[in-house]
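Structural overview
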Amino acid sequence: MNLPLHRAPFPASMAVEVDPARFASPHLVALNEALATELGFSPDWLRSPEGVALLSGQTHIKGVPAMAQAYAGHQFGQFVPQLGDGRAHLLGIVTDHAGQVHDMQLKGSGPTPFSRRGDGLAALGPVLREYLVSEAMAALGVPTTRALAAVTTGETVWRDRPQPGAVLTRIASSHLRVGTFQYFAAREDRESLEFLCALAIERHVPSAHDCENPIRALYESVVARQARLIAHWMSLGFVHGVMNTDNMTLSGETIDYGPCAFLDIYRHDKVFSSIDHNGRYAYVNQPRLAGWNLARLAETLLPFFDPDENRALTWAQEALGRFQDLYQEAWLARMRPKLGLTASETQDKALIETLLQIMEKDRMDWTLSFRRLARNDSLVEPTSSEALLDWMMEWQARRDREPVPAERQYALMRQSNPAVIARNHRVAEAITSAENGDFTVFENLLQRLRHPFADDSTYEMPPLPEQIVHATFCGT
Ligand code: AMP
Ligand code: MG
C-alpha cells in the first residue's frame, strides 16, 4: 500500500524519534471516512488489520519515524520550560486533495521522553470526547483539529478508576503551539525559532513571504486568527477549559479538547474544568486570556520584529494592542447575525449585551434560546422577566430598521444559531455506553453533530436537572 504519509520536517532538537507502545489488541471503534478520503487514504484499507496497526502505532512506514515534539508552556500562568508530547506521536505529514499539508498524530499512544510521571496513555472517555467535540466544531465551521479515527487498545488505563485504553488519530494543520516557540526562546535558540517561523509561514501564512518582515506578518496573522477563533467560540457558548499557552496554536485551530464544554444555562463566569479552581479560563475570561497568551508569543519573537529592543517592543505592543479591537469586531460579526441583523448600528453592542444579561438573570439556555429566536418561537415564558418583554420590543424595533425583509433575517438566524451542539450530557451518555461496549449512542450523536443547523427536537433539548454536567475532567 502506498500511503500518503511523509516524514515530518523536524530536526532532532525539535522532535525525538520514538516508537509508540505495543498494544495487546487494537480495535477500530470509529473512522472518519470523509476525512480519510480527503487526505488520500482508502477507508477500506484503514479498516484492514494493516490500517488499524497504523492507527494504533503498531507499524510505521520505512523512513517515516514517529516523533514526539518538544514544547514548553504557561500552565495556569506558571511557566514550565519543558512539556512536550508526553502521550502523543506525530506519525508524519499528509497533503490533502487541495494541496494543504496536515500533521497526522496519535494521542494516547504510549510514553515518550516527555512523559515525566505520566503513563503516556489515554482512556476511551477523553478520546471519544475529543472526537465528538472536535467534529462538532468542524461542522459548526470553527477552525479545529480533526478526528480521523479512534482505536481501543485492549488494555486498561488506571485513572480514578480502571478504564479502557484508546488512541485518537488527530489531524491538524500543524502542531505548532505558542509553547513550541516558548521552548526554544527559553533556551535562547534563535536558529530553531527561525526554523519554526519559516515552517509556520509556509503552512499557515504563505503570503507573509512577500512582506518586508515576514515574521511580523506571521505574528499579525496569528493575532487576527485568534481574535476570530475566540469570537467564534464565544458566539457558540464554548468553553475550552485549559487555554494554557501549550494549548494555543499558531494556525488558529482549536486544539487539545480536555475539559471543554458548551454552556447550557448562560452564565458569564461559567467554569466546567475540575482543575480550574480560580476560574482563570471561565467563559468570560477567554478573550482576555487569549491576549495574554499572544503576549507570551510576542516575547519569543521580539528579536525578529526589530534588532533594536525598544523598537521591537513598541511594535509588539501595537500589534498585540489590536487584538481587543479585532476581537470586538469579530464578536459583533458573529453576534449580529444571531439576531438576524445584517446592518451595523452603534447601539447593537448594547442590544446584544442587554439580552445576555437577561439570559443570565432568567437562567436561559444559550443554544436553545438563540435557536428559538431563529424559529420565531416566543422566548417569553411564565417565568420570564419584564426585562425580556421589553428587550423583545426593542429587538423588533431594531429589526424593523433592517434593509432586508423578515424572512431573510430568519434565514440568517437559522444559519447562525445551531440547534444541535455537543451537549455535555449527550457526550457523557455516549461515553458511558461506549465504555460498556455499545458505540451506537456515540455514532448517533456524531451523525447529528454533523448537521448542527438542522432542527432536531430531541438533540436540541437542554439537560433535565438530573442530567446537568457540572464539572468536566482532563482525563489525562
Ligand atoms: P494537556 O493537559 O493535555 O494539555 O497536557 C499537558 C502536558 O501533560 C503535555 O505535555 C502532555 O503531553 C502531558 N500529559 C498529559 N497526559 C499525559 C499522560 N497520560 N502521560 C504523559 N504525559 C501526559
Ligand atoms: Mg495540551
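Residues numbered from 1 in each chain as written. Chains lettered and ligands numbered in written order. Predicted model: local features only at pLDDT ≥ 70, side-chain atom pairs only at ≥ 80, totals over all residues. Heavy atoms only, no water.

With that settled, consider the coordination of the magnesium ion (ligand 2). Binding of the magnesium ion (ligand 2) to the protein goes through Asn247 (OD1) and Asp256 (OD), at separations of 1.9 to 2.2 Å. A residue is classified by how much of its surface remains accessible, and Asn247, at 13% relative accessible area, is buried. (Donors = N, O, S within 2.8 Å, 3.2 Å for Na, K, Ca; no water. Buried < 20%, exposed > 50% of the residue type's maximum accessible area, 1.4 Å probe, protein only.)

Glancing now at the site of ligand 1. Close to ligand 1 lie 18 residues, the nearest being Gly84, Gly86, Arg116, Asp119 and Gly120. The side chain of Arg87 places a nitrogen or oxygen atom 3.2 Å from a nitrogen atom of ligand 1. A distance of 3.1 Å separates an oxygen atom of ligand 1 from a polar side-chain atom of Arg116. Of the residues that constitute the shell around ligand 1, the class distribution is 3 nonpolar, 8 polar and 7 charged. Residue-level mapping places the shell around ligand 1 at the junction of two domains, with at least three residues from each of domain 1 (15-174) and domain 2 (179-336). (Near = heavy atom within 4 Å. Polar contact = N/O pair within 3.5 Å; in protein donor to acceptor, adjacent residues only side chain to side chain. Nonpolar A, V, L, I, M, F, W, Y, C, P; charged D, E, K, R; others polar. Domains from an automatic or database assignment.)

If you check helix α10 (residues 348-361), its first and last C-alpha atoms are 20 Å apart, about what 14 residues at 1.5 Å a residue would give, namely 20 Å. For α10, the full list of buried residues reads Asp348, Leu351, Ile352, Leu355, Leu356, Ile358 and Met359. One side of α10 carries all its buried residues, which in axial view fall inside an arc of 165°. Seen from the buried face of α10, the exposed residues on the opposite side, beyond 90 degrees, are Gln357 and Lys361. Contacts made by the buried residues of α10 are with α9 (309-338), α11 (366-374) and α12 (386-400). After α10 finishes, the residue Arg363 shows a positive phi value of roughly 55°. (Helix = DSSP H or I, 4+ residues; strand = E, 2+ residues; numbered from the N terminus. Expected span 1.5 Å × (residues − 1). Arc of directions from axis to C-beta. Contact = heavy atoms within 4.5 Å.)

Here we come to the packing of aromatic side chains. Under the counting rule described, the total for this entry stands at 16 aromatic pairs. Plain terms: the ring middles of Tyr266 and Trp366 are 5.2 Å apart, the flat faces sit at 55° to each other, and that makes the pair tilted. Placement of the pair is Tyr266 in the loop between β13 (261-262) and α8 (286-305) and Trp366 in helix α11, with a sequence separation of 100 residues. Feature note: the residues Trp233, Phe238, Tyr257 and Phe262 constitute an aromatic cluster, connected by ring pairs. When the ring centre of Tyr183 is taken as reference, the NZ or CZ atom of Arg187 above it lies at 3.6 Å. Over the aromatic face of Trp292 sits the side chain of Arg280, whose NZ or CZ is 4.7 Å from the ring centroid. (Phe/Tyr/Trp six-rings, centres within 6.5 Å; stacked < 30°, edge-to-face > 60°. Lys NZ or Arg CZ within 6 Å of the ring centre and 35° of its normal.)

Mapped onto the elements of the fold, Thr153 is located in strand β10 (residues 146-158). In this structure Thr153 touches Phe23, Ala24, Ser25, Pro26, Gly165, Ala166 and Val167, once residues within four positions along its chain are discounted.

This paragraph deals with the pairing of strand β11 (residues 162-172). For β11, the buried fraction is high: 9 of the 11 residues fall into the buried class. Here strand β9 (residues 122-123) pairs with β11 via 2 bridges, running antiparallel. When the bridges of β11 are listed, Ala122 appears paired with Ala166. Where β10 lies against β11, 9 bridges are found, and the strand directions are antiparallel. Looking across to β11, one finds that Ala149 is bridged to Thr169. A loop of 3 residues connects β10 with β11, the two strands running antiparallel in sequence. (Pairing = 2+ DSSP bridges.)

Domain boundaries in the protein chain define domain 1 (15-174) and domain 2 (179-336). For domain 1 and domain 2, the distance between their C-alpha centroids amounts to 23 Å. Contact residues are listed per partner, giving 33 residues for domain 1 and 33 residues for domain 2. Both faces combined, the contact of domain 1 with domain 2 buries some 2,800 Å², and carbon together with sulfur accounts for 56% of it. Linking domain 1 with domain 2 are 3 salt bridges, by the criterion used here. Its salt-bridge partner being Arg170, residue Asp256 comes within 2.7 Å of it at the nearest N-O pair. There are 15 residue pairs in polar contact (both at pLDDT 80 or more) connecting domain 1 and domain 2. Secondary-structure elements contributing two or more residues to the side of domain 1 that touches domain 2 are β5 (73-75), β8 (101-107), α4 (124-139) and β11. (Buried area = accessible area lost by both parts, 1.4 Å probe. Salt bridge = Lys/Arg side-chain N within 4 Å of Asp/Glu carboxyl O.)

Core analysis: the largest hydrophobic core is formed by 121 residues, its most contacted members being Phe181, Tyr219 and Leu339. Ranked by residues supplied to this core, first place goes to helix α7 (residues 214-236) with 13 residues. Three or more residues apiece are contributed to this core by two domains, here domain 1 (15-174) and domain 2 (179-336). Excluding anything up to four places from it in sequence, Tyr219 contacts Leu294, Ala295, Leu297, Ala298, Leu301, Phe305, Trp315, Ala319 and Leu320. (Core = buried A, V, L, I, M, F, W, Y, C linked by side-chain atoms within 4.5 Å.)

What follows is about unusual backbone geometry. Of note in the backbone geometry, Asp256 takes a positive phi value of approximately 60° without being a glycine. One can find Asp256 in the loop between β12 (238-239) and β13. By relative accessible area, which is 12% here, Asp256 ends up buried. Even without glycine at this site, Asn376 takes up a positive phi of about 60°. The residue Asn376 is located in the loop between α11 and α12 in this model. Since its relative accessible area comes to 53%, Asn376 is described here as exposed.

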